[in-house]
Amino acid sequence: MQFCRPPVLCSLPLPLPLLRRKRSTTFRASMGRSSTLSRFPRVAHHDLMLDLIATCESLLGPDLLPSSVPDNVLSFQSESCTSIGSLDVRYGSPGSSVDFILESWLHCQIPNGALDITTLFGFLNDSTDAPHFLLEIIQSSPTSLVLLLDLLPRRDLALSANYVDKFYQDTQVDRQRQQVEMLPQVLPYRSTSLYIRSILSPTAIAVHINCGEDEQGRMKEIIHTQLESAAKEVLQIWFDKCARSSEQMEETERSYILKRDGMTRKILETDLVDNMSRIFGADVANRVVGEIQKGYSFTKLQEDLAAKAKVRRPRENDNKGI
């Protein structure tokens, strides 16, 4: 089954608002989200995604900066008004291993109906080599959806046995895939993009769930039992073992991680531009991608400032000694 849809990390880094200590700041995005999402159809996975986003916010709140995404990226639509979208990005605070968190909601009218795509993506920085987090739900009807749920590896797994053990074997994350794939309504899903498939782990849950006609009740049951359980477990593993981790790496290792992350971003960004242009037009696509690219500049600016601070400190000490 083919879907007209944005990239598998459906839209790249666009984070979500978090439960921070200062609620007045924290809920700027949450309040904006509530207003924006009221325009979206209430599809079967709507409440699940809101619950997962709230969980992620609660876990990562202190590690994230307030959202600064402009209103025309937080909410946008096609010229024909048949498709609407919402993207939000939260960047990691200084000292956090979180680079950014992404939240994306898209509702698209297509020739044979409607397509609803919701994405939650957690991207870590180079203070760690731990996997990124990906959750994407693509619902094409009340009884049919695609689920992509994974801890995206940042090393070549065939050459990194310790990495496999630490993040995949010891965490028993593959149990979630096994349990979901036991459902009779589940079939494997393969993205048409070889590049997207190349960045997934062997434990990725990539499935198409089809409950058949007039089985909306069964789909809701699956979403709020098996899928909710799997998504929350993988998110908790990511938070416990990845989002709070740090790794002492040689410069060559760090360079490798940065290069691999750059390739992952490029794959997703290219996919995003192509699909967003088809659905919303070039102006909206460029505006959204431009906001994403600010995140790269923001991260680099933080790194440059930190590096300059390290260089400046000894110089000041040297001057005192003269």
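Residues numbered from 1 in each chain as written. Predicted model: local features only at pLDDT ≥ 70, side-chain atom pairs only at ≥ 80, totals over all residues. Heavy atoms only, no water.

K.L.:
Before we move on, could you go through the overall build of the protein and cite the residues and values that matter?
P.N.:
Counting its regular elements, the protein contains nine helices and eight strands. A burial count over the protein gives 54% of its 322 residues as buried. Across the protein, every contact between residues at least 6 apart in sequence was considered, and the portion connecting residues at least 24 apart equals 70%. Of the roughly 15300 Å² that the protein leaves accessible, carbon and sulfur atoms contribute 50%. (Helix = DSSP H or I, 4+ residues; strand = E, 2+ residues; numbered from the N terminus. Buried < 20%, exposed > 50% of the residue type's maximum accessible area, 1.4 Å probe, protein only. Contact = heavy atoms within 4.5 Å. Areas by Shrake-Rupley, 256 points an atom, 1.4 Å probe, with all protein chains shown as cover.)

K.L.:
How would you explain unusual backbone geometry if you had to name every residue and give the values?
P.N.:
Positive phi outside glycine occurs at Cys81, with the angle close to 65°. Structurally, Cys81 is set in the loop between β1 (76-77) and β2 (83-91). A relative accessible area of 48% places Cys81 in the partly exposed class. One non-glycine residue, Gln172, lies in the positive phi region at around 55°. With respect to the helices, strands and loops of the structure, Gln172 is situated in the loop between α4 (161-169) and α5 (174-181).

K.L.:
If you had to explain α4 to someone new, which residues and values would you point to?
P.N.:
Regarding α4, the residues found buried are Tyr163, Phe167 and Tyr168. Viewed end-on, α4 has its buried residues packed into an arc of 85°, placing them on one side of the element. In α4, the exposed residues that point more than 90 degrees away from the buried face are Ala161, Asn162 and Gln169. Buried residues in α4 make contact with β6 (144-152) and α7 (216-243). (Arc of directions from axis to C-beta.)

K.L.:
Can you tell me about the sheet that holds strand β7 (residues 186-188), naming the residues and giving the values?
P.N.:
Strand order in the open sheet formed by eight strands is β1-β2-β3-β4-β5-β6-β8-β7, with antiparallel pairing between adjacent strands. Each edge of the open sheet is held by one strand with a lone partner, namely β1 and β7. Most of the contacts of α7 go to β6, to which it runs at about 15°, and overall it touches β3 (98-110), β4 (113-124), β5 (132-141), β6 and β8 (205-210). (Pairing = 2+ DSSP bridges. Axes fitted to C-alpha atoms, helices over the stretch in contact; angles between N-to-C directions.)

K.L.:
Which residues make up the packing of aromatic side chains, and what values do they have?
P.N.:
Two descriptors summarise a pair of aromatic rings, namely the distance from one centre to the other and the angle between the planes of the rings. A complete count under the given rule lists seven aromatic pairs for this structure. Ring plane angle 10° and centroid distance 4.9 Å describe the contact between Phe100 and Phe123, whose orientation is recorded as stacked. Residue Phe100 is found in strand β3, and its partner Phe123 is found in strand β4; the two are separated by 23 residues along the sequence. Each member of the pair, Phe100 as well as Phe123, carries the same accessibility label: buried. (Phe/Tyr/Trp six-rings, centres within 6.5 Å; stacked < 30°, edge-to-face > 60°.)

K.L.:
Kindly report on the pattern of salt bridges, identifying the contributing residues and their values.
P.N.:
Taken as a whole, this structure holds 13 salt bridges when the rule is applied. Residue Arg254 is joined to Asp126 by a salt bridge in which the shortest nitrogen-to-oxygen separation is 2.6 Å. Here Arg254 is found in helix α8 (residues 251-280), whereas its partner Asp126 is found in the loop between β4 and β5, with 128 residues between them in sequence. For Asp126, a relative accessible area of 12% translates into the label buried. (Salt bridge = Lys/Arg side-chain N within 4 Å of Asp/Glu carboxyl O.)

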